Amino acid sequence: MYKIGIDLGGTNIAVGIVNENCQIIAKDSTPTKADRPYDEIVNDICLVVKRVLDNNGISLDEVSSIGFGSPGILDNEKGTVTDNSNIHWENYPIKEKIQKQINKPVYMGNDANVAAWAEYLGGAGRGSKNMIMLTLGTGIGGGIIIEGKLITGSHNIGAEIGHSLLVADGEQCGCGNKGCIEAYCSATALIKFAKRNLKDNPDSSLAKKEHINAKTVIDAAKAGDRYASEIFDDYTTNLARFLGSLINFLDPDIIVLGGGVANAGEFLLEPLRKKTPAYTVFPQLTNTNIVKAALGNDAGIIGAALLGE
Ligand SMILES: [Zn+2]
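Chemist: Looking at this model, I keep getting lost on the coordination of the zinc ion. Mind explaining?
Modeler: Six octahedral donors around a metal ideally sit at 90 or 180 degrees from one another, while four tetrahedral donors ideally sit at 109.5 degrees. Donor atoms from the polypeptide that coordinate the zinc ion comprise H163 (ND1), C173 (SG), C175 (SG) and C180 (SG), at 2.0 to 2.4 Å from the metal. One way to put it: the 4 donor atoms around the zinc ion meet at angles of 106 to 120 degrees, and that makes the site tetrahedral. For the zinc ion, the donor residues sit on a single chain with the sequence spacing H-x9-C-x1-C-x4-C. With H163 in the loop between strand 11 (149-150) and helix 4 (182-185) and C173 in the loop between strand 11 and helix 4, this residue pair connects regions lying 10 residues apart in the sequence. Judged by its relative accessible area of 29%, H163 is partly exposed.

Chemist: I would appreciate a short explanation of the packing of helix 1 (residues 38-55) against helix 2 (residues 94-101) in the present structure.
Modeler: Two numbers describe a pair of packed helices, the interaxial angle and the distance between the axes. Two numbers describe how helix 1 lies on helix 2: the axes approach to 10 Å, and their chain directions differ by 50 degrees. By the angle between their axes, helix 1 is oblique relative to helix 2. Here the hand of the crossing between helix 1 and helix 2 comes out right-handed. On the side of helix 1, the interface is formed by D39, V42, N43, C46 and K50, while helix 2 contributes I94, K97, I98 and Q101. For the contact of helix 1 with helix 2, a count of residues per class yields 4 nonpolar, 2 polar and 3 charged.

Definitions and cut-offs
Residues numbered from 1 in each chain as written. Predicted model: local features only at pLDDT ≥ 70, side-chain atom pairs only at ≥ 80, totals over all residues. Heavy atoms only, no water. Donors = N, O, S within 2.8 Å, 3.2 Å for Na, K, Ca; no water. Tetrahedral: all angles 85-135°; square planar, octahedral: opposite > 155°, others 65-115°. Helix = DSSP H or I, 4+ residues; strand = E, 2+ residues; numbered from the N terminus. Buried < 20%, exposed > 50% of the residue type's maximum accessible area, 1.4 Å probe, protein only. Axes fitted to C-alpha atoms, helices over the stretch in contact; angles between N-to-C directions. Parallel < 35°, antiparallel > 145°, perpendicular 65-115°, else oblique. Left-handed = near helix turned anticlockwise from the far one by under 90°. Contact = heavy atoms within 4.5 Å. Nonpolar A, V, L, I, M, F, W, Y, C, P; charged D, E, K, R; others polar.

Below, the structure is given as structure tokens:
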């Protein structure tokens, strides 16, 4: 049997057919055009699901379930998108709307949680027992799996790991609070710190760049640029502090890092593995594996599909 995964973003609706080995065998997409009425978006979702099946000669009888992932707060039990500011949805009964057009069990989850679920079942966390995933992108998304269960909390708003406090009265965070880990360790934060004192460091290779993104900063640090190296060293120290807290809190056997910054690979992981034990209570017992996510952008589709597991 196959499962369908739907990854609804602010820009694109991506749909994939996932096989029993947690692999995407075919995918298709269409623009979200987020400002239109939601019934139109749902019609397009169902259209793409049917189209990808048709184009690959797979009938609905061979599909066991449909999974739906999107940013925001999703209530799998009620079948509603409680809140999604990207596409202006509030208490929208997505499960019922999809089932009206495609009569299959529908499961749903927040995109960050869904990505973690994908890594747990079919990616870097495969075979682990307790896993935490952090997505180091525009913000910091999180997912927590304990003993095979995706933890989303009492109101489906748990696992917002990015808004854990790192520094009292620290950097302003997008959530309105100050000092969240997201304001220190998202890709956005890395860029912010790199730009902040750049004019006082005219000898840095970054000073000559017209556009600075996370990769620019990381590449400059890799090349030995002193200023970029200091920024990245602070970055990994802050992240290691936080990973230490996560280990003290949940004792995971693996922490999976995704998102743009994680593309730095070992250049990020190696300092984290070295620094993190200093922030744990039982460093002699801390052998949490810190690894890079394996599924990239496909995690959204795969994780959504596997919500039916
Ligand atoms: Zn915050």
